[in-house]
Structures are given as structure tokens and as C-alpha cells.
Amino acid sequence: MTDFAQPTVVPSVETDQLAVDTLRFLAADMVEAAQSGHPGMPMGAAPMAWTLWSRHLRHDPADPEWADRDRFVLSAGHGSALLYGLLHLFGYDLPVEELRRFRRLGSRTPGHPEFGETPGVECTTGPLGQGLGMAVGMALAERMSAARYPEVTGHRTYAIVGDGCLMEGVSHEVASFAGHGGLGGLIVLWDDNEITIDGAVGRSCGDDQVARFAAYGWHTEVVPDGTDIEAIDAALTRAKGDPRPSFLAVRTVIGHGAPGIAGTPKAHGSPLGAQRLAQAKELAGWTLPPFAVPAPVQAMCAALAAVGGAEHTSWLEEFATFDALAPERAAQFRRAGARLLPAGLLTALETVAAQTPRATRQASQACLRAALSTMPELVGGSADLAGSTGTECGEVVHREDFTASAIAFGIREFGMAAVLNGMSLHGGFRVFGSTFLVFADYLRPALRLSALMRQPVIYVLTHDSIAVGEDGPTHQPVEHVESLRMIPGLQVLRPADDAETALAWELALTRVDGPTALILSRQALPQLDRPHTGDTAVDLPPVYGASAERESSDGAALESSVAGESSRRVEIVSTGSEVALAVGVAEQLAADGHVVRVVSALDRSRFVADPSAHTISIEAGSTAGWAGLVDLAIGIDEFGHSGPGDEVMARHGFTVHAVLGRIREYLDGAP
């Protein structure tokens, strides 16, 4: 498709300076009005941001979701006032009233950029380094989309990062990944101001960042003067012509123009104060009132926005041609962009079943392969564990061919999750990533952002309990499932057999407003018998998943025979691999004369206890979250041991005999 290289409207030197000052003082005015925020970064980085937005960024403020727009990520999210100023100037739906309400409750100008709150904000940033990871994901999604739909894909991803972003470990993971993958079209500008909150960067970090990125395989350049718009423009132009990802080190001064604090940590995170702000404006020759935008800047930004609108119109014409020549592919592009499921997907998942025991990670692999057969936009991979997690899905994308569906993330769990977020935000793909459950701790900050941004990323987390066995307590998750359940908006599903695993994938793929964690076993699990109620598993109350009641062969006779004082109505709720254990325990309790119901809580958040029964949970993990839901929580609140999985489970009391003993003791003392 056409590559719109440069806008046809270029500001004059005078307009450039006026626009840069406008951005600086809009940011300072926002922070001053809020009496909180970060003026230093916007004041120092305004020239590079203006250069990018006025000469290179291809976007249409009238349609922030145009599929082939360039993406801009402010990874240094504390500088949000700079981004809000840009969006306001270029005509996004962000009026000056919202700038005046910076950091106020309910405003569209929150303290850090939040996806979904402000038109034009591509992702939530603030946790340093993750913005860079999401930019890498967006660039990867662009390359993969261009390989599938070259007729209508050809955009770039830009990011501004700070010193803090580059110190965070995730930046190393994703920069290495991007360089190895040859993600041309990704251009990162480093706001090199040599300052952190506590002092000079040199107090804690002496990395040669340019050499570091060059070693990763990036194109690198240094712009020694961050106020030199011509030099920044030239560096961006060269970066756009390089097939590698690009890293541009732009030397800036934090709090540029603020008397007494420019170039110091004092400019980072506090209002300038009315007197100092007035002095800064006087030094710049700025005479306009707070939040004012000079007429020449308004006119220039309107003209540049019109250029973006015209480019969007041209793209729509190209898409119409594409639609006429390849209607099936065009329809697929639209469907994937709208996150609509393809016909036949749910039927394909229904075919996943086995008669013999197998691990839910193996059932999940069968589900994944079935989904891939009908859903080409489903892409993902693992943190170097595809064979173990059941996420092998064919050929792997690489710098010479981005047409495949599998992604080799390497041993980079945090980076993997950040990249997945970026791919999901980019649109056009449904994404998954996998690792062992115990290593969810490595990616948790990005998983939290998945939930915060309501992105439907699927996390395939296997080897889910102390039954991992011989690898020992370092690889045996105990607190992990419970800790994941604490994340707002994260759907946590722990299936007990093939049928529930297929249902879990269905629930994950049909959900479009948040992430899902699939918690899967390493060891083989039996296929459960389900009650013949005439309902599907998804319709069974009170949870989604297998719900079975274990009674004698003549339930009515049992009901009439259990009126004695020793009889109890018992509800056992369990998940995953422990459901089969719960069934075995229930059969013994029924033989004791109790009425017993076993519930498989595929999604515990949907579980509601039966108030007429003694409710008991069995799960090989922390009991913390069960305590308020059930009368007796049977679990594990200590680390495991190294040894065969069944022996480790037995040592921690996960046998029919041991669990039965605990329940009988409880019932004997219960009212």
C-alpha cells in the first residue's frame, strides 16, 4: 500500500518555536492548576514530541481508531501533560476544559495516560518500561498484519521513553526481542535528561544505552541538542528508512526554561509554583493567559490534522479496492478487527474430548489447535516452554517471514506479557502467552495492565500445583492461583478435565473486555461423569463447569433415610485436579449416610455456597480466599517438597483417606 512518508504541510521556524512553547506552558499550567503532577519531562521533551507529531506521525484526530494509523506511546507516562497537550492541539476530543481538570476525579486527563479514558491514548502507561514493551507489541502486530494484508497495512509505531523506562528490567527483555525480530517501523526516542527522582542518573546507572541498543541489533543515533528540531527531524527521517528498529538518543534538559530548577530533580514531580512559572513565561516571551493556544499554532495543527484526514480517506479508497478484489480476506480483516468469533469455532472446541485420562495442558493444546483451524487471528506463544505448556502452534514468525501464528518470546515472561498487551491494543489479533503458573510472578505487572486496560489477553499457565513433583517447591505454585484471583477484571479458570478445558477456552475466546488465566495441570486427570440433567455444563448453577451430585443410586430413598442426627447435607467445592479427589471423598461420605453434592468451580468468582449445606473446599493451593466462602477449607499454606507428584500430594494430605478424615472430624463437631 501507499507509504505516506511526510506531511505536505511543514511549520515555519517561528511556528515551531511557538508550538513548543505552547506545549511547555500547557503542561506547566495543567500541573499548576492541579497542584500536582510532573512538569519537567514535558518541558524538556516538547521539541522532540512536536517534531514527531508535526512531521512524521500519520493519524486522523477525527477517527482515533483508524486501523492503519501510526501508533504513539508515551512510555514515560508521568509526562502525561505533554500527551494531553498534543491531543488538544491536534483536535482530538479533548477540550481545554479537560486540560483545566488535569488529575481531577472523573476527568479525561488522569495523572497517567489511561487507555479508554482519553481519545488518542493508545495504552495505559506509568509503570515504567511497560510502554516500551507495548510499543514493541504494536510493531510486531503491524509486521504480522502487513504480512497477511499488505494491501491495507503500512504504519509505524513511535515511543518516547525516559531513563526510568530503560533501567527497568522489562526494557531489556523487549528491546532484545525487537532487535532479534527485526521490527523495522518501531522508532523509540529517548528523553535523555540524565535525571531521576532521587538525583542524577549517574548515581545508580552508568549504562551506555546507545551501545546497548546497537548490540541488540537496533539502528541508533544521537541528537546532542534536544531543542534542534531540524536535527530531530533528520534523525527520524533516517530511522524511517532503516529496516531495523531505531533508537534515537535525544539530549534534553528536564524542566527546560524553569529558573533555578531546570536540569535538576526538583523539576520532576512538583508544580513550578506561580512565581517560577511566571518567570519561565517571561523568559520565553510568553504573554498569553494560562491554557491559551496562539492562533498560528491552532491554524498549523488544524492543517496538519487535515493532512491526516486526507491520508485516512486515501486508505479507505485502497481498502475499497482490496474489498472488491479479495472480499473474503477483507471480511476477515474486518471481523478480526471487531473481535468477532468465526463461524465454526465453538463447534471445533466441542470436538475436544478424550476417553482416557490426560493432563488439562494436553486438552488445552487440543483446544488451541481446534481454535487455530478456524481463527487465523489467534496468535501467540510461550516463554520458551511451548512443548511443556501445550502451546506449539506451527511455524514461528521471524524477521524474514511474519505470516506464521507462533511467536517465540524466549525466556522473557514480563516482556512476553507486555508485548501481548501491545498486540491486543493494536487490534486485528487475539493473543495468548504461556508459561508455568509459578512464573506468573514474573509477568504479573503486565497481566495487571491487561486487566486495567480490559484487554482480552489469554494467559495459559500450566503445572498448576504441588503435583508438579520432582522439580520441587521452586516450581510448585501454592499462593499463585489465589493471588491471580485478587486481580480485578481477571477471569481465572481452573478446569478439571477435557470438557471443562474446552469450556474454559470458549469462555476465554468469547470474552472481549478483559484477560483470562487458564490454570492447567501437568499430571493426567480422569474424565468426569456429569449428571444427566439435560442442561449443558455452562448452564449448571451455581458455577460454570461440571456440577455433580453424588448420592446413592436411589436418591429419594437416601433422603428419607438420613433424618437421623448423624446425617449431614454436604457440599464439596473443588477445582482442577482436585475435583476427582472430591468425587472420591463424596462417595465415601454418601456411604456414611450423608447427602453430598460435588461442585467443580471452574470460575470460583461465580460460586455461591448452598446455605443449607456444610460447604467444604478442596484445592491444592492457598486457603486464604476460601475462608470466607466455605465452612472448612482444605488446601496448602506452606511450600511443597521435591519428589514424585503423587507422593508430594499425599504428604500434604491430598488423598481420599486424609481428606475424608478431616471432613469427618469437622462434621462430628459441627452443629
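Everything numeric here is computed off the predicted structure, so don't read it as measured data.

**Considerations on the overall build of the protein**
- Counting secondary structure elements, the protein contains 23 helices and 18 strands.
- For a compact globule of 671 residues, the expected C-alpha radius of gyration is about 26 Å, and the protein comes in at 28 Å, within 12% of that figure.
- Its C-alpha atoms put the protein at 95 × 60 × 45 Å along the principal axes.
- Looking at the protein as a whole, 59% of its 671 residues qualify as buried.

**Here's the deal with unusual backbone geometry**
- A positive phi angle, close to 60°, is found at Arg 339, a residue other than glycine.
- Note on placement: Arg 339 falls in the loop between helix H12 (327-337) and helix H13 (345-350).
- Residue Arg 339 is classed as partly exposed on the basis of its relative accessible area of 22%.
- In the Ramachandran plot, Arg 454 falls in the positive-phi region, its phi being about 60° despite a non-glycine side chain.

**Some words on the sheet that holds strand E2 (residues 157-161)**
- Ordered by their spatial adjacency, five strands build an open sheet running E1-E2-E3-E7-E6, and the pairing between neighbours is parallel. What marks the edges here is a single partner per strand, and that holds for strand E1 (71-74) and strand E6 (219-223). Mean inter-strand twist for the sheet, computed between neighbouring axes without regard to direction, equals 15°.
- Of the pairings in the sheet, the one linking E6 to strand E7 (residues 246-251) comprises five bridges and is parallel in character. In the strand pairing of E7, Val 222 is matched with Ala 249.
- Across the face of the sheet, helix H2 (residues 40-55) comes into contact with E1, E2, strand E3 (186-192) and E7 while running at roughly 155° to E3.
- Here helix H9 (residues 229-240) sits on the sheet and contacts E2, E3, E6 and E7; the angle it forms with E6, its principal contact strand, is near 175°.

**Some words on the pattern of salt bridges**
- A complete count under the given rule lists 31 salt bridges for this structure.
- Its salt-bridge partner being Arg 251, residue Asp 192 comes within 3.0 Å of it at the nearest N-O pair. One end of the pair, Asp 192, is in strand E3; the other, Arg 251, is in strand E7, with 59 residues separating them in the sequence.
- Arg 251 gets classed as partly exposed once you look at its relative accessible area, which sits at 36%.
- Within this structure, Asp 464, Glu 482, Arg 485, Arg 494, Glu 578, Arg 604 and Glu 619 form a network of salt bridges that share partners.

**Overview of the nonpolar core**
- Core analysis: the biggest nonpolar cluster contains 64 residues, and Leu 140, Met 144, Phe 247, Met 423 and Leu 484 have the highest contact counts within it.
- The element that contributes the greatest number of residues to this core is helix H5 (residues 130-148), accounting for nine residues.
- For Met 423, the contacting residues outside a window of four places in its chain are Gly 137, Met 138, Leu 140, Ala 141, Met 144, Val 379, Ile 407 and Val 431.
- With 51 residues, the next largest nonpolar core counts Leu 26, Tyr 84, Ile 160 and Val 297 among its residues.

**Remarks on the environment of Ser 521**
- Locating Ser 521 in the fold gives a position in the loop between strand E13 (516-519) and strand E14 (547-550).
- Linking Ser 521 and Val 659, residues 138 residues apart in sequence, is a C-alpha distance of 20 Å.
- Ser 521 has contacts with Ala 359, Thr 360, Arg 361, His 463 and Asp 464, leaving out every residue within four places of it along the chain.
- At a separation of 2.8 Å, a polar atom in the side chain of Ser 521 contacts the main-chain carbonyl oxygen of Gln 523.

**What to know about the pairing of strand E17 (residues 614-618)**
- Burial analysis of E17 places five of its five residues in the buried class, which makes it a mostly covered element.
- Across the two faces of E17 the burial is the same, with His 614, Ile 616 and Ile 618 and Thr 615 and Ser 617 all buried.
- Two elements, strand E15 (residues 569-574) and E17, share five bridges in a ladder whose sense is parallel. Bridging from a neighbouring strand, Ile 572 pairs with Ile 616 of E17.
- By the bridge criterion, three bridges tie E17 to strand E18 (residues 632-634) in an arrangement that is parallel. Across the sheet, residue Ile 616 finds its bridge partner in E18, namely Leu 632.

**Overview of the pairing of E3**
- Within E3, seven of the seven residues are buried, leaving the element largely enclosed by the surrounding structure.
- On E3, burial covers both faces: Leu 186, Val 188, Trp 190 and Asp 192 on one face and Ile 187, Leu 189 and Asp 191 on the other are all buried.
- Here E2 pairs with E3 via five bridges, running parallel. By the bridge assignment, Val 161 is partnered in E3 with Trp 190.

**As for the side chain of His 594**
- Here His 594 shows up in the loop between helix H21 (578-591) and strand E16 (595-600).
- We classify His 594 as buried; its relative accessible area is 7%.
- Polar side-chain contacts of His 594 include one of 2.9 Å to the backbone nitrogen of Arg 568.

**Details of H9**
- Helix length check: H9 (twelve residues) gives 16 Å between terminal C-alpha atoms against 16 Å at 1.5 Å per residue, within 8%.
- Along H9, the positions that sit buried rather than exposed are Ile 229, Ile 232, Asp 233, Ala 235, Leu 236, Ala 239 and Lys 240. Buried residues of H9, seen end-on, are gathered within an arc of 165° and therefore sit on one face of the element.

**Regarding the packing of aromatic side chains**
- One pass over the full model with this rule turns up 19 aromatic pairs.
- Ring geometry for Phe 213 versus Trp 218: centroids 4.9 Å apart, planes at 90°, classification edge-to-face.
- Joined through ring pairs, the aromatic side chains of Trp 66, Tyr 149, Trp 315, Phe 319, Phe 322 and Phe 333 make up one cluster.

**A short note on the sheet that holds strand E9 (residues 406-408)**
- One open sheet holds the six strands; their spatial order is E9-E8-E10-E11-E13-E12, and the pairing between them is parallel. Lying at the two open borders of the sheet, with one neighbouring strand each, are E9 and strand E12 (491-493). For this sheet, the mean angle separating the axes of adjacent strands, direction not counted, is 20°.
- For strand E8 (residues 378-382) and E9, the ladder comprises three bridges, and the chain directions are parallel. Within E9, the position partnered with Ser 382 by the bridge is Ala 408.
- Of the strands in this sheet, strand E10 (430-436) and strand E11 (458-462) touch helix H17 (residues 440-452), which is tilted by about 160° from E11.

**What to know about the packing of helix H14 (residues 360-372) against helix H19 (residues 498-510)**
- Closest axis-to-axis distance for the H14/H19 pair is 9 Å, and the angle between their directions is 50°. Considering the angle they form, H14 stands oblique to H19. Crossing of H14 against H19: the hand is right-handed. Listed contacts from H19 to Thr 360, Ala 363, Ser 364, Cys 367, Leu 368 and Ala 371 of H14 are Asp 498, Thr 501, Ala 502, Trp 505 and Leu 509.
- Split by residue class, the contact of H14 with H19 holds seven nonpolar, three polar and one charged.

Procedures and definitions
Residues numbered from 1 in each chain as written. Predicted model: local features only at pLDDT ≥ 70, side-chain atom pairs only at ≥ 80, totals over all residues. Heavy atoms only, no water. Helix = DSSP H or I, 4+ residues; strand = E, 2+ residues; numbered from the N terminus. Rg over C-alpha atoms; globule rule 2.2 N^0.38 Å. Buried < 20%, exposed > 50% of the residue type's maximum accessible area, 1.4 Å probe, protein only. Pairing = 2+ DSSP bridges. Axes fitted to C-alpha atoms, helices over the stretch in contact; angles between N-to-C directions. Contact = heavy atoms within 4.5 Å. Salt bridge = Lys/Arg side-chain N within 4 Å of Asp/Glu carboxyl O. Core = buried A, V, L, I, M, F, W, Y, C linked by side-chain atoms within 4.5 Å. Polar contact = N/O pair within 3.5 Å; in protein donor to acceptor, adjacent residues only side chain to side chain. Expected span 1.5 Å × (residues − 1). Arc of directions from axis to C-beta. Phe/Tyr/Trp six-rings, centres within 6.5 Å; stacked < 30°, edge-to-face > 60°. Parallel < 35°, antiparallel > 145°, perpendicular 65-115°, else oblique. Left-handed = near helix turned anticlockwise from the far one by under 90°. Nonpolar A, V, L, I, M, F, W, Y, C, P; charged D, E, K, R; others polar.

The quantities given are spatial measurements derived from coordinates; they are silent on function.
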